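The primary structure of each chain is shown beneath.
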Amino acid sequence: MLRYIAKRILIAIPTILIVSVLVFTLQQLLPGDPVLTLAGEERDPQVLAFLREKYRLDDPIPVQYFAWFSQVLQGNLGISLRTDIPVLHLILSKLPVTIELAIFAMVIALAIGIPAGVIAAVRKGTSVDYAANVIALSGLSIPNFWLGILLIMLVSVRWKLLPASGFVPPSEDLWLNIKTMLMPAFVLGTGLSASLMRHTRSAMLGVLRSDYIRTAKAKGLLSHVVIMKHALRNALVPIITLSTLLFGELLAGAVLTEQIFTIPGFGKLIVDAVFNRDYAVVQGVVLCTAVGFIAMNLLADVLYVLANPRLRHAR
Amino acid sequence: MKKALSILAAAATLALTTTASAQTLRIGLNEDPDVLDPHRARTFVGRIVFTSLCDKLVDITPDLKFVPQLATEWTWTDPKTLTFKLRPGVKFHDGEPLNAAAVKANLDRARTLPDSLRKSELGSVESVETVDDLTVAVKLSRPDATLLSQLSDRAGMIMSPKALASADFGQKPICSGPYRFVERVQNDRIVLERFKDYWDAKNYSFERVVFQPVPDTTVRLANLKAGNLDLLERLAPSDVAAVKADSSLTFAPVSGIGYQGLTINTNNGERSKTPLGQDKRVRQALEYAIDRDVINEVVGAGIFPPAGQPFPEASPYNDKKFAAKKRDVEKAKKLLKEAGVDRVKFDLTFGTSTTTQQIAEIIQAMAAEAGFDISLRPTEFAAMQKEAQAGNFDVNVIGWSGRVDPDGNIHPFVTCKGGLNDGRYCNQELDRLLNEARITNDEAKRKELYDAAQTILQDEVPIIYTYYQPWPFVLAKKVQGFKPYPDGMIRLKGVSFSS
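Rules of the game
- Residues numbered from 1 in each chain as written.
- Chains lettered and ligands numbered in written order.
- Predicted model: local features only at pLDDT ≥ 70, side-chain atom pairs only at ≥ 80, totals over all residues.
- Helix = DSSP H or I, 4+ residues; strand = E, 2+ residues; numbered from the N terminus.
- Buried ≥ 20, exposed ≤ 12 C-beta atoms within 10 Å, placed from the backbone.
- Contact = placed C-beta atoms within 7 Å.
- Axes fitted to C-alpha atoms, helices over the stretch in contact; angles between N-to-C directions.
- Left-handed = near helix turned anticlockwise from the far one by under 90°.
- Nonpolar A, V, L, I, M, F, W, Y, C, P; charged D, E, K, R; others polar.
- Expected span 1.5 Å × (residues − 1).
- Bend = angle between axes of the 7 residues up to and from the residue.
- Pairing = 2+ DSSP bridges.

K.L.:
Is there a simple way to explain the overall build of chain A in this structure?
P.N.:
Within chain A, the regular secondary structure consists of 14 helices and zero strands. Overall, chain A is about 85 × 60 × 35 Å in size when its C-alpha atoms are taken along their principal axes. Counting over 315 residues, chain A shows a buried share of 35%. Considering only contacts in chain A between residues 6 or more positions apart, those separated by 24 or more positions represent 70%.

Right under this line is the structure:
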């Protein structure tokens, strides 16, 4: 087992290296000049030259890369060109916000998606099934920004129930924190619940047709016991896989929702950094995301082996 | 059920009002400011925060006159020496005294810090001398009529010299303004609190001021309507009608000191070798093809006053005789005929925003009637900046936030070596006039020089000014005493909540 893990980690190292090179070089393809952007309306040639030198922008790309990467290896991701704040500090302060949002969204998605899928499968072909399908389809096709703004107009402006946007750390005010998270999490969650519902439905339909369900029914078990205990449990495997994938997507893909609800998360951090040509932040964030994904993959592989004894011997 | 809902709503409103304490003013900004060090900062929103955080030597009035702030009086002892008397008893937020030595340390830092963006603003300063504890003499290498206005902005903000030594000043700024820095969460908020020892503390009523960047204009307005914000800057023109109709809001627009316009590539590389770039009659024709009143009414909802010159209406250097030209398609066609061209093709490049897009489309349609075939090139802003410098454009839609002194609105854009002269328009006579206006302190003489310069520009048209940049503020009804300034800054003196 340990050998297996060690092997996986060794494979992860070159992947991270390749990612770091890609991040660095692709960024050079961005049009625009970071120094011009940084200097804004004050284009003093002397200052431009100084900034170019300070951030080594005139060095050849490989030289820039090694200067940056050797710092990264020492745990220094650099400082933001725009605000002077250390990149690592930015990442560590934004990541929990996005993780919290992702967890909230996931809970909402699961709470809506799985029951809806189960009901749709059990009542296949009835009006309930069709209704669930229509709701799921609209969940998939309604754009986040539209739903977000609509919710703000209705819930915050008209009814004044929740704050329109922003973020309050849970350490400061837990209740307010939850209130600010509700709408964005709902917007993200409903979008995801649609695909969860569709997957649950088809997985349930597959299971409900199998022999052991027929046997269970023939034994005279109550139908809700058959559905919840025998069918759903078995149908859950692909749903769990999907959920973890969706969760990963949420961490990186909540950009639009974070923008609308002005949540200072990971997505907003990188979008702003790209627009401001804040290279240090872009590099740091993308690298961290890549490392995070690789770590999650590694973890999934290990868990998979732990969970399924047959795989241990298959190698 | 209904009852339960209304109780819930009441409870929520109560929770909202108690957490957002009655004496906290929340201001919605268009973007997140950059580094909070006046010498290194570059954003407009950063200047809005500094206005509450860092006092300057002098301030301005809504009609662009200079008034005392940290300096109580100033005199030109000779054309190359500007002497300031400082306000006695002023303290920095860390308790240090504000004196002549502190002012000298700040001006020296602004001039010498390698990445200071204030160097060119203080380019005429040769040395700063402390005459006595509360008197500073700024010695110049050449006369400079713009100096006082530079010192009414970031270059004149005085920070605590003791704090300047720390490496993270840009994250924990210490100045002497009415509010002191508490905390900043990037992309989320900047919190300031009342500075009890401020020299004019009685005129500032809020305990806390919170700046929140909310980039989406619709969401910014929704926050104000929902009571999460008390004041916002830069309302989208498309929301003007709705705000005016809303009795819970106050609309407070002001015509700014900046402008929007079209920069024509007249002299920057190969792309300038076109009829438009080379023949002033073609440029004049383009100007006559544009109806600025339509832009104002259709895109600007009436808050985009037509501009025909770089100086704002509030400026004493604005002259009626250079007012925006009315649209005249026949004249435009005639000018094109004189220039010997039938139809003129060019690319119009602009930064991607809804307003600019609309303006570009309107210009495209209007100019087509006079004989211009315009291709629209929406471009992301940073990319556009670089292409502009490299001369890779025909015509750019540009905006300038504006400066109090006339020099800042004209010199960098049309002098041969001007730092913001993307079209590289170059005219020796114009250079001479504008350089002289820079060193002329006498207002009447200076105005003559600018009039002469403007006469050349009106004829040569390297830039077509379209409208004056407005600063449309919106306030919750309870905010009283707010006065919009043409520089777009938010001054909180005398602003309070009505009880």
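K.L.:
Would you mind going over the environment of B:Gln278 with me for this structure?
P.N.:
Summarising the element assignment, B:Gln278 is placed in helix α8 (residues 275–278). In this structure the C-alpha to C-alpha distance between B:Gln278 and B:Asn267, which are eleven residues apart in sequence, comes to 8.1 Å.

K.L.:
I tried to follow the packing of helix α14 (residues 406–414) of chain B against helix α15 (residues 428–438) of chain B on my own but got confused; where do I start?
P.N.:
In helix packing, the relevant descriptors are the interaxial angle and the interaxial distance, both defined with respect to the helix axes. All names here are of chain B. In the contact formed by α14 and α15, the axes pass within 10 Å of each other and the chain directions differ by 145°. The element α14 and its partner α15 pack so that their crossing is left-handed. Of the residues in α15, those touching α14 at Asp-407, Ile-410, His-411 and Val-414 are Leu-430, Leu-434, Ala-437 and Arg-438. The residue makeup of the contact of α14 with α15, split by class, is five nonpolar, one polar and two charged.

K.L.:
Would you explain the interface of chain A and chain B in this entry?
P.N.:
It is common to report an interface's size as the accessible area lost on association of the parts. Between chain A and chain B, the residue contacts involve 45 residues of the former and 41 residues of the latter. For the side of chain A that touches chain B, the secondary-structure elements that each account for two or more residues are α2 (34–39), α3 (45–54), α7 (144–158), α11 (255–260) and α12 (266–275) of chain A. Looking at the side of chain A that touches chain B, its residues break down into 22 nonpolar, ten polar and 13 charged.

K.L.:
I'm lost on helix α6 (residues 217–225) of chain B in this one. Help?
P.N.:
Because an α-helix packs 3.6 residues into every turn, residues spaced three or four apart end up facing the same way. Residues and elements named next belong to chain B. Across the nine residues that make up α6, a large majority, eight, are buried. Residues Thr-217, Val-219, Arg-220, Leu-221, Ala-222, Asn-223, Leu-224 and Lys-225 constitute the buried set of α6. Within two residues after α6, Gly-227 carries a phi angle of roughly 90°, on the positive side.

K.L.:
What's the story with helix α8 (residues 174–208) of chain A in this structure? I'm lost.
P.N.:
Over its 35 residues, α8(A) runs only 43 Å from end to end, short of the ideal 51 Å by more than 12%, given 1.5 Å per residue. At A:Leu182, α8(A) is deflected by roughly 35°, the largest bend along its length, and proline A:Pro184 occurs up to four residues later in sequence.

K.L.:
Sorry, what's going on with the environment of B:Gly177 here?
P.N.:
All names here are of chain B. With respect to the element layout, Gly-177 can be found in the loop between α5 (161–164) and β8 (179–185). A sequence separation of 86 residues divides Gly-177 from Thr-263, and the C-alpha atoms of the two residues are 38 Å apart. Non-local contacts of Gly-177, meaning those with residues more than four positions away in its chain, are made with Ser-52, Leu-53, Cys-54, Asp-55 and Phe-195.

K.L.:
Just to check I follow, could you spell out the sheet that holds strand β4 (residues 71–78) of chain B for this structure?
P.N.:
Sheets are built from strands paired through backbone hydrogen bonds, the pairs being either parallel or antiparallel. All names here are of chain B. Across the sheet, four strands lie side by side as β4-β5-β7-β6; this open sheet has antiparallel pairing. Across the chains shown, the open sheet's two edge strands, defined by having one partner strand only, are β4 and β6 (125–132). With direction set aside, neighbouring strand axes in the sheet form an average angle of 20°. Taken together, the six bridges between β6 and strand β7 (residues 135–140) define a ladder with antiparallel strand orientation. Bridged to Ser-127 within β7 is Lys-139. Each of β5 (81–86), β6 and β7 is contacted by helix α3 (residues 100–112), which is oriented at about 170° to β6, the strand it contacts most.

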